[in-house]
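# Structural overview
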Amino acid sequence: MKALSPESIVGEALESVYREVAAAIAAASRGALEPEQVVLVPAPAHTGCDLAFQCFKLARAWRQAPPAIAAEMATRLAAPEGDLLASAEAAGPYLNLRLDRDAVAARVLAATAAAGDEYGHSRRQQGEVVMMEYVSPNTNKPLHLGHLRNAVLGRAVIRLIAAQGARTYTSDIINDRGIHIAKSMVAYQRWGEGKTPQEAGIKGDHFVGRLYVRFSRALDDERRAWLERQGIDPSTLDERARKKVEERFQQASELMGEARDLLRRWEDEDPEVRALWRRMNRWVYDGFEETYRKLGITFDKHYYESEIYQGGKEIILEALEKGIFERAPNGAVVAPLSKHFKLQDKTVLRADGTGLYVTQDINLAAIKFRDFGLTRSIYCIGSEQDYYMKQLFAILKLLGFPWAEGLHHLSYGMVYLPEGKMKSREGRVVDADDLIAGMSELAEEALRERHGELDDEERERRALAIALAAMTFHFLVVGRDTEIHFDPASSLAFEGKTGPYLQYATARVASILRKAGDWQPPVSPVLHDDLEWRLVFALLLFPTVVADAADSLDPSRLANHLVDLAQSFSTFYHDLPVLAAEEPLRASRLALVQAVGQTLKNGLRLLGIEPLEVM
RNA sequence: GCGCCCGUAGCUCAGCUGGAUAGAGCGACGGCCUCCGGAGCCGUAGGUCAGGGGUUCGAAUCCCUUCGGGCGCACCA
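None of the values given here were measured: they were computed from a predicted structure.

What follows concerns the sheet that holds strand S7 (residues 301-304). Adjacent strands of a sheet pair through backbone hydrogen bonds, lying either parallel or antiparallel. Strand order in the open sheet made by the 5 strands is S7-S6-S5-S11-S12, with parallel pairing throughout. Looking at which strands have only one partner, the edges of the open sheet turn out to be S7 and strand S12 (407-412). If you compare each strand with its neighbour and ignore which way they point, the axes differ by 25° on average. Helix H15 (residues 357-372) contacts strand S5 (129-133), strand S6 (167-174), S7, strand S11 (376-382) and S12 of the sheet and is inclined by roughly 150° relative to S7. Where helix H16 (residues 386-398) meets the sheet, its contacts fall on S11 and S12, and the angle it forms with S12 comes to roughly 180°.

Structure representation (structure tokens):
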């Protein structure tokens, strides 16, 4: 469990508790510690205590063994001042502390009630302006499983940051130009029969995606025939030779020739080609938009590669003049990263003067800071780009941009299907729309079993919320770096450590409160039971956990804490009566239930999961 | 060859700046619907934290190393 120290804790209630306890510990430390140097940890359950102070750090100052220190401090704290610290006892090298649980509960319940939907938020990042770039799909295929993890992670992180008081924006960079688009366009010209997605009855992004696949298959056929004509058997060649053969084929290919021709005409702004391009992109964007709407993913700004890919050259040429970048013998411009960082040099401009992907990224980074006055810019991109992102950030630092320190790569592990890494060209993907639809169907079945009386509309609404909760939580509960081997059976589960389990807890809270009738929150709550204390303590830590998740860009910290909270709550309401309890216990427990509900709701919203009042 | 990430229970994963008996979920086995909604609760079994060195009063956690897996290392995007 996390250690509590002044720099790590967030939240009024916890801060006030810490301040009082730390003052008492410091007072008992023979002047060895200032209050703000006191580190406290939650005491393990078997001790029956609430917090612990570890005496190892005092061993040097006191020139005594930790157990002796603990014993003496326990004596000194025998009659603690203040109303919070109830008792202190030595246990080996540990000084275990009991708190006045009612007093702590009073502070937590007051804090949650006062803050409401804002409980867990802070102003630690007030003044910061942060942008999250995420999802960033290509326009030649629909969103897949990998995009879902990306979207869900990026959304949670930016919400966590917003909850720290920062102003936040979301963006994506849409790869809407290049040879891949030209391929889809060739396919449409050849086989599209002039139909629109509506006429074909297919969602726009899927419509275009199919054309892309169609092109790839046709190209495969063409390659087979060509190899046969050439009398080449690639399986007999080594990798280098195969690459050479592939290059020759690409040059000889009729289909690739058409695609290259279209790309050239696109570059020359041929009106006819541009019109088709715009038309097909619109279909794709409409399709994406539909998926985003379902997921609740939004963007403040779309950046289009077609609009920025030619920029960035001025920045680079200027840096070349200043001697920051170097000219390679053949004329290409190179960022000499190996001189300044433990990275390999990176070409930033081709010998023929045209830009590369990184050229555009340099440009876009600057545009974002300029457009929005950012202090920080986060890129939610898979871990396969770790090295590239390091290079990009190093280049921007080399260029001397003052904002370069505000760049962050929000990296995450790959998503694999049972058969291996997803490859869209081979069709081995789990399509985002299919997945959502499939999970909604499962959730609907479950709802039909439980609530046969629901009308279709309400059932569908709940089913979607539950399905998205399951999917979202599944991606967020594991650490960022953890690779996800997507297994439908566990990924689609609604029971156990899942999103729907958390939604169920919020629904149970709502249900209890609905039946409570009129009640007044207690002035001084009476909550001594261990089951109650676990909840109080989890609520007390919540703002700190949120802050930690935000700072580490890792929502899994919050997700796991919510599971702890929900599990503790389940045990609590199973074992202890709320509505049937005697006053003043009843009001105290109701206030606790309300605080738990508020906290679960706030936590789920930060993760991008819809809490449910009924399910 | 070089760099980064990872290896914890049968499976999927937590375990955060080193601290008390390493935790959850699933699966297995056994209980719990006269009681605030069973998408729930309780219990049992199950781990030399991949192996080996080292640092430390103390290592799943830090360092080195071996083995095993993943991803990168373009004038591609």
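Okay, back to it.
What follows deals with the packing of H15 against H16. For the pair H15 and H16, interaxial distance at closest approach is 11 Å and the crossing angle is 55°. Taken as axis vectors, H15 and H16 run oblique relative to one another. Remark: the crossing between H15 and H16 carries right-handed chirality. Mapping the contact onto sequence places Tyr357, Val358, Asp361, Ile362 and Ala365 in H15 and Tyr388, Leu392, Ile395 and Leu396 in H16.

The next point concerns H15. Counted at 1.5 Å a residue, the expected span for H15 with its 16 residues is 22 Å, and the 22 Å between its end C-alpha atoms agrees. One or two positions beyond H15, positive phi appears at glycine 373, with a value near 60°.

So, on to the sheet that holds strand S2 (residues 51-54). On the basis of which strands lie adjacent, the open sheet formed by 4 strands has the order S1-S2-S4-S3 and antiparallel pairing. Each of the sheet's edge strands pairs with one partner strand only, and the pair in question is strand S1 (40-42) and strand S3 (85-91). For this sheet, the mean angle separating the axes of adjacent strands, direction not counted, is 30°. The sheet contacts of helix H1 (residues 12-27) involve S1, S2, S3 and strand S4 (94-99), and relative to S4 the element is tilted by about 135°.

Next up on the list: the protein's contact with RNA strand B. If you check the shell around RNA strand B, you find 64 residues, and the closest are Tyr94, Asn330, Arg350, Arg450 and Lys515. One of the side-chain N or O atoms of tyrosine 501 is found 2.8 Å from a phosphate oxygen in RNA strand B. Between glutamine 567 and RNA strand B, the recorded distance is 3.3 Å, taken from a side-chain N or O atom to a sugar or linking oxygen. Counting residues per element, the ones that place at least two in the surface near RNA strand B are S2, S4, H16, helix H17 (432-450), helix H20 (499-515) and helix H22 (556-575). Considering only residue class, the surface near RNA strand B consists of 29 nonpolar, 18 polar and 17 charged.

What follows deals with helix H5 (residues 145-162). Between its first and last C-alpha atoms H5 spans 26 Å; for 18 residues at 1.5 Å apiece the expected length is 26 Å, and the two agree. Counted residue by residue, H5 has 16 buried out of 18 residues, so it is predominantly covered.

What follows concerns the environment of phenylalanine 207. Examined against the element boundaries, phenylalanine 207 turns out to sit in helix H8 (residues 204-230). Separated by 11 residues in sequence, phenylalanine 207 and threonine 196 place their C-alpha atoms 8.6 Å apart. When residues no more than four places from it in sequence are discounted, the contact partners of phenylalanine 207 are Tyr188, Lys195, Thr196, Pro197, Ala200, Ile202 and Trp283.

With that settled, consider unusual backbone geometry. Cis geometry is found at the peptide bond from glutamate 583 to proline 584, where omega equals 5°. Relative to the elements of secondary structure, proline 584 occurs in the loop between H22 and helix H23 (585-607). The backbone of arginine 63 shows a phi angle near 50°, a positive value even though the residue is not glycine. As for its placement among the helices and strands, arginine 63 is situated in the loop between helix H2 (59-62) and helix H3 (66-76). Look at glutamate 269: it is not a glycine, yet its phi comes out positive at around 60°. By the element assignment, glutamate 269 lies in the loop between helix H10 (254-267) and helix H11 (271-295). The exposed category is assigned to glutamate 269, whose relative accessible area is 55%.

What follows concerns the nonpolar core. Soluble globular proteins: nonpolar side chains tend toward being buried together. Residues Ile25, Leu40, Phe53, Leu95, Leu558 and Phe569 are the most contacted members of the largest nonpolar core, which totals 156 residues. Formed jointly, this core draws a minimum of three residues from each of two domains, domain 1 (12-99) and domain 2 (432-607). Core analysis: the second largest hydrophobic core is formed by 40 residues, Val129, Ile173, Ile308 and Phe325 among them.

A few words now on the pattern of salt bridges. By the definition in use, this model includes 35 salt bridges. We note a salt bridge from aspartate 371 to arginine 370, for which the minimum N-O separation is 3.3 Å. The exposure class of aspartate 371 is partly exposed, given its relative accessible area of 38%. Connected through shared salt-bridge partners, Glu444, Arg448, Asp456 and Arg459 make up one network.

Let's shift gears to the domain arrangement of chain A. The domain architecture assigned to chain A consists of domain 1 (12-99) and domain 2 (432-607). Each of domain 1 and domain 2 was reduced to a C-alpha centroid, and the two centroids are 34 Å apart. Interface of domain 1 and domain 2: buried area, both sides summed, is about 480 Å²; carbon and sulfur atoms make up 83% of it. The three residues of domain 1 that bury the most area against domain 2 are Leu14, Pro42 and Asp50, which together make up 68% of that side's buried surface. Taken together, domain 1 and domain 2 are joined by 0 salt bridges. Taken together, domain 1 and domain 2 are joined by 1 residue pair in polar contact (both at pLDDT 80 or more).

What follows concerns the side chain of asparagine 140. Mapped onto the fold, asparagine 140 is located in the loop between S5 and H5. Not counting residues within four places of it along the chain, the set of residues in contact with asparagine 140 comprises His180, Ser184, Val208, Gly209 and Tyr212.

This part is about the packing of aromatic side chains. One pass over the structure, following the stated rule, counts 20 aromatic pairs. Their ring planes at 85° and their centres at 5.4 Å tell us that phenylalanine 207 and tryptophan 283 sit as a pair that is edge-to-face. Of this pair, phenylalanine 207 sits in helix H8 while tryptophan 283 sits in helix H11, and the two are 76 residues apart along the sequence. A relative accessible area of 9% means that phenylalanine 207 is categorised as buried. Here arginine 30 stacks its cationic end above the ring of tryptophan 62, 3.9 Å away from the centre of that ring. One Lys or Arg, arginine 274, reaches over the ring of tryptophan 277 and ends 5.5 Å from the middle of that ring.

Thresholds, definitions, all that
Residues numbered from 1 in each chain as written. Chains lettered and ligands numbered in written order. Predicted model: local features only at pLDDT ≥ 70, side-chain atom pairs only at ≥ 80, totals over all residues. Heavy atoms only, no water. Pairing = 2+ DSSP bridges. Helix = DSSP H or I, 4+ residues; strand = E, 2+ residues; numbered from the N terminus. Axes fitted to C-alpha atoms, helices over the stretch in contact; angles between N-to-C directions. Contact = heavy atoms within 4.5 Å. Parallel < 35°, antiparallel > 145°, perpendicular 65-115°, else oblique. Left-handed = near helix turned anticlockwise from the far one by under 90°. Expected span 1.5 Å × (residues − 1). Near = heavy atom within 4 Å. Polar contact = N/O pair within 3.5 Å; in protein donor to acceptor, adjacent residues only side chain to side chain. Nonpolar A, V, L, I, M, F, W, Y, C, P; charged D, E, K, R; others polar. Buried < 20%, exposed > 50% of the residue type's maximum accessible area, 1.4 Å probe, protein only. Core = buried A, V, L, I, M, F, W, Y, C linked by side-chain atoms within 4.5 Å. Domains from an automatic or database assignment. Salt bridge = Lys/Arg side-chain N within 4 Å of Asp/Glu carboxyl O. Buried area = accessible area lost by both parts, 1.4 Å probe. Phe/Tyr/Trp six-rings, centres within 6.5 Å; stacked < 30°, edge-to-face > 60°. Lys NZ or Arg CZ within 6 Å of the ring centre and 35° of its normal.

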